[in-house]
Amino acid sequence: MACRLAVVKLGGGVITDKSAPERVDYESLEKAALQLAGYRGGGGLLVLVHGGGSFGHVEVARISREKGRLDSRDSSRVQEVMLKLALTVIRVLEEKGLNPSLHPPHTLCMNSLPETCNTSIIKRDLEEGLTPVTYGDAIPENGETRIISGDDLAAWIAVALKADCLVYIIREPGVLDEKGEVIPILSNLNQLKVRQTKWDDVTGGILRKVKTALEASKTIDNIIITNTEHLLEALERKRVGTKVVHM
Ligand SMILES: Nc1ncnc2c1ncn2[C@@H]1O[C@H](COP(=O)(O)OP(=O)(O)OP(=O)(O)O)[C@@H](O)[C@H]1O
Ligand SMILES: [Mg+2]
């Protein structure tokens, strides 16, 4: 049986080319959107969260290199690049008939803690037949710019809305072990062997993602980490990628 309500986090590394600033990977984005449309066509409800990739992460890293730290006013620039990426995402979703409704976290949340985000707006969209979309963003907080992680946001929305599925889409087919093979069932952080990547990730990369997923697995049964290739199968609850479980 397919998922009833799924929260899907599309990695910024998947929908953008992290090797160049502000470059969208349209092929990958469209492939994902097509499968999400297939899932919605089967009657499943969907909340989509996307990451920052070569938009958010690169911009935050650039400002902190130039200025040392980000004060609250720097959130404008990060918000602007993320809105640009989000507009591209919703255009592709719209083309595939997903009726997206975009909610920037800097207007949905009080600060960078996902618990301060207003999930009743997301619930309203679902009831109205729309696909709510949100993403990792910059939020001004006590004179600083804080980053709300798309991974954390996805987990929080899934918990708050009692979603039955939470799917993280990354470039790899799942969480990889030291031999580079997919770990089918992950219940402990020690199973993960973090591999070196060339690009910036200001929200902790795969390690923080797995930690967040493990925490969420206390209340959500079906948490999958996989790639775009297996997105629809994951939403159909087929055994793909890495399943994160609480033991
Ligand atoms: N052991 C591992 N298993 C799987 N992926 C790994 C591992 N070690 C490092 N990685 C990297 O972590 C990436 C996933 O996390 P990351 O936060 O960098 O990307 P993302 O979620 O796609 O992007 P964003 O943070 O912009 O949303 C993978 O695409 C891979 O490159
Ligand atoms: Mg990340």
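Residues numbered from 1 in each chain as written. Chains lettered and ligands numbered in written order. Predicted model: local features only at pLDDT ≥ 70, side-chain atom pairs only at ≥ 80, totals over all residues. Heavy atoms only, no water.

**Some points on the nonpolar core**
Core analysis: the biggest nonpolar cluster contains 34 residues, and Val8, Leu36, Leu48, Leu93, Leu231 and Leu235 have the highest contact counts within it. Elements with a minimum of two residues in this core: strand 1 (5-10), helix 1 (12-15), helix 2 (26-41), strand 2 (45-50), helix 4 (75-95), strand 4 (131-135), strand 7 (165-169) and helix 9 (231-235). Looking at this core element by element, the count peaks at eight residues for helix 4. Among all residues touching Val8, those that are not within four sequence positions of it are Leu36, Leu46, Val47, Leu48, Val49, Val167, Ile169, Leu231 and Leu235. One finds Leu5, Ile122, Tyr168 and Ile220 within the second-largest nonpolar core, a separate group that totals 33 residues. (Core = buried A, V, L, I, M, F, W, Y, C linked by side-chain atoms within 4.5 Å. Buried < 20%, exposed > 50% of the residue type's maximum accessible area, 1.4 Å probe, protein only. Helix = DSSP H or I, 4+ residues; strand = E, 2+ residues; numbered from the N terminus. Contact = heavy atoms within 4.5 Å.)

**Some points on the site of ligand 1**
Around ligand 1 there are 25 residues in total, and Lys9, Gly12, Lys193, Asp201 and Lys209 lie nearest to it. Within the backbone of Gly53, an N or O atom sits 2.8 Å from an oxygen atom of ligand 1. Of the residues forming the shell around ligand 1, the biggest block, three residues, is contributed by helix 8 (residues 205-216). By residue class, the composition of the shell around ligand 1 is seven nonpolar, 10 polar and eight charged. (Near = heavy atom within 4 Å. Polar contact = N/O pair within 3.5 Å; in protein donor to acceptor, adjacent residues only side chain to side chain. Nonpolar A, V, L, I, M, F, W, Y, C, P; charged D, E, K, R; others polar.)

**Focus: the packing of helix 7 (residues 150-160) against helix 8**
It is the contact of helix 7 with helix 8, at a shortest axis distance of 9 Å, that shows an interaxial angle of 10°. What the angle tells us is that helix 7 and helix 8 run roughly parallel. Every residue of helix 8 that contacts helix 7 at Asp151, Asp152, Ala155 and Val159 is listed here: Gly205, Arg208, Lys209, Thr212 and Ala216. Broken down by class, the residue content of the contact of helix 7 with helix 8 amounts to three nonpolar, two polar and four charged. (Axes fitted to C-alpha atoms, helices over the stretch in contact; angles between N-to-C directions. Parallel < 35°, antiparallel > 145°, perpendicular 65-115°, else oblique.)

**Describing the pairing of strand 2**
Across the six residues that make up strand 2, a large majority, five, are buried. Sheet analysis places strand 1 next to strand 2, joined by six bridges and oriented parallel. From the neighbouring strand, Leu10 faces strand 2, where its bridge partner is His50. The pairing of strand 2 with strand 4 spans three bridges and is classified as parallel. (Pairing = 2+ DSSP bridges.)

**Observations concerning the sheet that holds strand 8 (residues 185-186)**
Strand order in this open sheet of eight strands is 3-4-2-1-7-9-10-8, and the pairing throughout is mixed. A single partner strand is all that each edge strand has here, and the edge strands are strand 3 (100-102) and strand 8. Of the strands in this sheet, strand 1, strand 2 and strand 4 touch helix 2, which is tilted by about 160° from strand 2. The strands touched by helix 4 are strand 2, strand 3 and strand 4; relative to strand 3, the strand with the most contacts, the crossing angle is about 165°.

**Concerning a negative patch on the surface**
A cluster of like negative charges, contributed by Glu27, Glu30, Glu94 and Glu95, occupies part of the molecular surface. Those elements that provide at least two residues to the negative patch are helix 2 and helix 4. (Patch = residues over 30% accessible without salt bridge, like charges linked within 9 Å, V, L, I, M, F, W, Y side chains within 5 Å. Areas by Shrake-Rupley, 256 points an atom, 1.4 Å probe, with all protein chains shown as cover. Salt bridge = Lys/Arg side-chain N within 4 Å of Asp/Glu carboxyl O. Lys, Arg positive; Asp, Glu negative; His and termini not counted. Charge placed at Lys NZ, Arg CZ, Asp CG, Glu CD.)

**Notes on the side chain of Asn227**
With respect to the helices, strands and loops of the structure, Asn227 is situated in the loop between strand 9 (222-226) and helix 9. Beyond its immediate stretch of four places on either side in the chain, Asn227 contacts Ile169, Ile170, Arg171, Glu172 and Pro173.

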